[in-house]
Amino acid sequence: MSDNQVVESIQDKYDSLKPYLNEKTRRVWAAIEARSLGWGGISQVALATGLSRTTIHAGIRLLLEASEEETSNGDSNRIRSSGAGRKLLEEKDAMLLSDLESLIEPVTLGDPESPLKWTSKSVVKLAAALNIGGHRTSPKSVYNLLESLGYSLQSNRKTRDGSSHPDRDDQFLHISKQVLHFQSQNEPVISVDTKKKELIGDFKNSGTEWCEKARPIEVKMHDFVDPKLGKAIPYGIYDLTSNQGWVNVGIDHDTAEFAVESIRHWWYSMGKEVYPKSQHIMITADCGGSNSYRSRLWKLKLQELATETGKTIHVCHFPPGTSKWNKIEHRLFCHITQNWRGRPLTSLQVVINLIRNTTTTQGLEVEARLDPNLYKTGIKVTDQELETIAIERNSFHGEWNYIIKPKVGT
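Residues numbered from 1 in each chain as written. Predicted model: local features only at pLDDT ≥ 70, side-chain atom pairs only at ≥ 80, totals over all residues. Heavy atoms only, no water.

1. Some details on the overall build of the chain
Rules: For the purposes of this entry, the term helix denotes a DSSP run of H or I that reaches at least four residues, the term strand denotes a run of E that reaches at least two, and both are numbered from the N terminus. The cut-offs for exposure are 20% and 50% of the maximum accessible area for each residue type, with area from a 1.4 Å probe on protein chains only; residues under the lower value are buried, those over the upper are exposed, and the others partly exposed. Should any heavy atoms of two residues lie within 4.5 Å, those residues are considered in contact. Per-residue accessibility takes into account occlusion by the displayed protein chains alone, with areas from the Shrake-Rupley method and a 1.4 Å probe.
When its secondary structure is counted, the chain shows 15 helices and nine strands. Scored against the burial criterion, the 410 residues of the chain give a buried share of 38%. In the chain, of all internal contacts separated by at least 6 residues, the share reaching a separation of at least 24 is 70%. Carbon and sulfur atoms provide 51% of the accessible area of the chain, an area that totals close to 25000 Å².

Have a look at this one:
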């Protein structure tokens, strides 16, 4: 049999046995084949199997060892000899772990001379910093060391509100009592706010949506406002009692006039039908934006609405930094965002349709309309105009809690 035929024969046997061999039996089988061929057998087996000559020699040494010696080691099924393998990096370099922890500890970031203060703590940069300090390690080794120390990749979590007002909890309690009182009297209680402005066009929208595999919806690379399509400004009104939402989608500016106009449309399109006998309207809002408690124009326009509808308007603002507690955020806006996730808002009509078709298992119903009006910015309300507002401020934080009554005979 020629050398080529011998190699092909060994290769066929190896291919058949390979799925059933582990590291130890592979070495032993290769050694047996090499010994059976005699001189040059190691080279032929290495050529046929792709195993190194070192591996085959290791198998031969195993065959030469006495079975009694292998049993005396206490584990006859062991594949590798006890103590095999390289020593761990932290065993060879006693200062490696402590130096790595010092680089990623928050205390170190206070040092303006720290090489990682103004850059990301990636494993590549951590490895480079360790090597500069006299260690010898790689990014992969740093990754393994970080895991052994209990670190993992983490994203930011929104949990801090900043400094809280000392009367924050008392204001929450006041709002809760007012809401329960108005609901018991079958008077409307609405939560209002402006949702995030949305660009109109084939722009990326956060989230994922089911599509045909490897055929995602293609959108523009950059999010620049399309001068022809503009943007959408959804101002929402959420009825806490009936679990109904109304969204007025503006195209111009988010002003106090736009905010009150949205409430006006809600009343005539939805609120009046649900509460035909009501004499009061309670509004909960955050402290900033178009419905800010500091806005004179907000109060002036509410006065006009109160006089027009004949309803007394009660307003309660959430303390600064607590807008997420306003019910509209997690009863309406989050569901709208979920409904249009992963879809480009290519037109204002698409925005309207997606808002109108937002539902929940709790029975949420949402209506939406397009507001094509233009709203001026920078409107000043004079002191004389401010004095004409029939406003009554609550003894508890009157800047947050106030009543605007309709004017009689105007």
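2. Notes on the packing of aromatic side chains
To be explicit about the condition: When two rings of Phe, Tyr or Trp (its six-membered ring) have centres within 6.5 Å they constitute a pair, described as stacked for plane angles under 30 degrees, edge-to-face for angles over 60, and tilted for the intermediate range. Here, over-ring charges are defined by two tests on the NZ atom of lysine or the CZ atom of arginine: distance to the ring centre within 6 Å, and angle to the ring normal within 35 degrees.
Taken as a whole and judged by the stated rule, the model has six aromatic pairs. Summarising the aromatic geometry, the rings of Phe-172 and Trp-325 are spaced 5.8 Å apart at their centres and angled 25° between planes, so their arrangement reads as stacked. With Phe-172 in helix 10 (residues 168-184) and Trp-325 in the loop between strand 6 (312-317) and helix 13 (327-339), this pair connects stretches of sequence that are 153 residues apart. With relative accessibility at 19%, the residue Phe-172 sits in the buried group. One aromatic cluster in this structure is built from Phe-172, Phe-318 and Trp-325. Across from the ring centre of Trp-325, 5.5 Å away, lies the NZ or CZ of Arg-168, which sits over that ring.

3. Brief notes about the pattern of salt bridges
Applied cut-off: Each salt bridge in this description consists of a side-chain nitrogen of Lys or Arg and a carboxyl oxygen of Asp or Glu lying within 4 Å of one another.
Applying the stated criterion across every chain yields a total of 11 salt bridges. The residue Asp-169 makes a salt bridge to Arg-168 at a minimum N-O spacing of 3.7 Å. One continuous salt-bridge network, built from bridges that share partners, spans Lys-195, Lys-196 and Glu-198.

4. Some remarks on unusual backbone geometry
For Asn-186, which is not glycine, the phi torsion reads 60° and is therefore positive. Position of Asn-186 relative to the elements: it lies in the loop between helix 10 and strand 1 (189-194). One non-glycine residue, Asn-243, adopts positive backbone phi at about 55°. With respect to the secondary-structure elements, Asn-243 resides in the loop between strand 3 (231-239) and strand 4 (244-250). For Asn-243, a relative accessible area of 16% puts it in the buried group.

5. As for the pairing of strand 5 (residues 280-285)
Note the cut-off: We call two strands paired when DSSP finds no fewer than two bridges between them. If you view a crossover with the strands going away from you and the path from the first strand over the helix to the second runs clockwise, you call it right-handed.
Within strand 5, five of the six residues are buried, which leaves it mostly tucked inside the rest of the structure. Bridge count between strand 1 and strand 5: three bridges; the pairing is parallel. Residue pairing for strand 5: Val-189 is matched across the bridge by Met-282. In terms of strand pairing, strand 5 meets strand 6 through six bridges, oriented parallel. Paired with Ile-281 across the strands is Ile-313, a residue of strand 6. Where the polypeptide runs from strand 5 across helix 12 (residues 296-309) and back to strand 6, its parallel neighbour, the crossover connection is right-handed.

6. Concerning the nonpolar core
Soluble globular proteins tend to bury their nonpolar side chains together. Where we set the bar: Buried residues of nine kinds, namely Ala, Val, Leu, Ile, Met, Phe, Trp, Tyr and Cys, make up a nonpolar core once their side-chain atoms join them within 4.5 Å.
If you look at the biggest cluster of nonpolar residues, it comprises 30 residues, and the most contacted ones within it are Ile-263, Trp-266 and Trp-298. When residues of this core are traced back to their parent elements, those giving at least two are strand 1, strand 3, helix 11 (256-274), strand 5, helix 12, strand 6 and strand 9 (401-404). Element by element, the count of residues in this core is highest for helix 11, at eight residues. For Ile-263, the contacting residues outside a window of four places in its chain are Ile-190, Val-192, Ile-237, Ile-283, Trp-298 and Leu-305. Core analysis: the second largest hydrophobic core is formed by 27 residues, Phe-172, Met-282, Ile-336 and Leu-364 among them.

7. Considering the pairing of strand 3
As a general feature of sheets, a regular strand has side chains that alternate between the two faces. In terms of burial, strand 3 is a largely internal element, eight of the nine residues being buried. Relative to strand 3, strand 1 is paired through five bridges, and the arrangement is antiparallel. Following the sheet pairing, Val-192 is matched in strand 3 by Ile-237. Direction of pairing for strand 3 relative to strand 4: antiparallel, over a ladder of seven bridges. Paired with Gly-236 across the strands is Val-247, a residue of strand 4. From the end of strand 3 to the start of strand 4, which pair antiparallel, there are four residues, and Asn-243 there has a positive phi angle of about 55°.

8. Regarding the side chain of His-135
Spelled out, the test is: Two N or O atoms count as a polar contact when they lie within 3.5 Å, although within protein this holds only if one can serve as hydrogen donor and the other as acceptor, and sequence-adjacent residues are included solely when both atoms are side-chain atoms.
Structurally, His-135 is set in the loop between helix 8 (123-132) and helix 9 (139-148). For His-135, the side chain forms a polar contact with the side chain of Asp-99, separated by 2.5 Å. Other than its neighbours up to four places away in sequence, His-135 contacts Asp-93, Met-95, Leu-96, Asp-99 and Leu-130.

From the geometry alone we can't say anything about function, so treat these as descriptive.
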